[in-house]
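# Analysis of the macromolecular model
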Amino acid sequence: MTLPSATLLAQSALSGVFIGSLYGLLGLGLSLSWGLLHVINLAHFGLAFLAAYVCYQLASVGGVDPLLTLAVIVPLFFMLGVAMQWLLARFAVSPLNSLLATFGLTAIIEAGIQAVWTADFRKLESVYAAQKFRVGGLFVPVPELIALVLALALSFGIWAAMRYTDLGRAMRALAEDAPVAAAFGINRRAHALVLSGVCGALAGIAGVCLALGFTLTPAQMYAWVGVVFAAVLLGGLGSALGPLVAGILIGVSEAITMVFLSPSWAPIVSFTL
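Residues numbered from 1 in each chain as written. Predicted model: local features only at pLDDT ≥ 70, side-chain atom pairs only at ≥ 80, totals over all residues. Heavy atoms only, no water.

## Examining the packing of helix 1 (residues 6-37) against helix 2 (residues 43-60)
Taken N-terminus to C-terminus, the directions of helix 1 and helix 2 make an angle of 135 degrees; their axes are 10 Å apart at the nearest point. On the basis of the axis angle, helix 1 is oblique to helix 2. Crossing geometry of helix 1 relative to helix 2 is assigned as right-handed. Within the contact between the two elements, helix 1 uses Leu26, Gly29 and Leu30 and helix 2 uses His44, Phe45 and Ala48. In terms of residue class, the contact of helix 1 with helix 2 is built from four nonpolar, two polar and no charged. (Axes fitted to C-alpha atoms, helices over the stretch in contact; angles between N-to-C directions. Helix = DSSP H or I, 4+ residues; strand = E, 2+ residues; numbered from the N terminus. Parallel < 35°, antiparallel > 145°, perpendicular 65-115°, else oblique. Left-handed = near helix turned anticlockwise from the far one by under 90°. Contact = heavy atoms within 4.5 Å. Nonpolar A, V, L, I, M, F, W, Y, C, P; charged D, E, K, R; others polar.)

## Section: the packing of aromatic side chains
Within this structure, the stated rule accounts for six aromatic pairs. Geometrically, the ring pair formed by Phe45 and Phe229 is stacked, given 6.3 Å between the ring centres and 20 degrees between the ring planes. Taken together, the residues Phe45 in helix 2 and Phe229 in helix 9 (residues 225-235) connect sequence positions 184 residues apart. The pair Phe45 / Phe229 is uniform in exposure class, with both members buried. Through a chain of ring-to-ring contacts, three or more aromatic side chains come together here, namely Tyr23, Phe214 and Trp224. One residue, Arg90, lies across the ring of Phe91, its end atom 5.4 Å from the ring centre. The side chain of Lys132 reaches across the aromatic face of Phe139, ending 6.0 Å from its centre. (Phe/Tyr/Trp six-rings, centres within 6.5 Å; stacked < 30°, edge-to-face > 60°. Buried < 20%, exposed > 50% of the residue type's maximum accessible area, 1.4 Å probe, protein only. Lys NZ or Arg CZ within 6 Å of the ring centre and 35° of its normal.)

## Some words on the nonpolar core
With 69 residues, the main nonpolar core has Leu32, Phe45, Trp224, Val228 and Phe229 as its most contacted residues. With near-sequence residues (within four places) excluded, Phe45 lies in contact with Leu30, Met221, Trp224, Val225, Val228 and Phe229. Core analysis: the next-biggest nonpolar cluster, separate from the first, contains five residues, Leu174, Ala178, Ala181 and Ile186 among them. (Core = buried A, V, L, I, M, F, W, Y, C linked by side-chain atoms within 4.5 Å.)

Here it is as structure tokens:
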């Protein structure tokens, strides 16, 4: 077996960091929802792809810069996250049943995307798509770099908020022992709505990153479920930094595996981790 060059290994590892940061960004909202709200929100993936299509529509038809679409997507998907949590709370959906309920919502979102944009492949042609710069012998694509920067900023920002703000402490208290937290005056329902809204906004941001770097098709959302779940479980439920670290670990392991063996081995390595 011929060993790959050091440059190829380094470029593959860098690509793994980029895709791993997207795993972490997609897993961030899922981790918070699952760990703090005890809602296994499969619809998180549907929201991310819906945001990707909204970004595609605004940028391709409306001529809006893809990053500026965040000004519309973030508040819109915050409200969708709030509405979803209100529905789940209204019908007292249990953690296990939330898996089934949100899977149904995912199927509805997928059908809605197909009704509006069809099942054809869509590719956002933006000013960022072909931009890349060189660092030594390595190439750094701008769309992937944007996803990495956003993932780092959001993960560390939410970690700091959960650790140092009253809202973050209240969220952690509710997740640990909701009745005792409520006895100390913490409004469980209001905090759950806010956190779910934040998770929806995170899905929207991840969707913009998907639109910048990937070809879109509605059924593709299911291809992300397994590896992002792996990153969330490896990183720890309710953790802000864990999914990012785990996602990068999985992404790099997959990329290096593909260099030495073949792409078919990548899922085996990531799920073994």
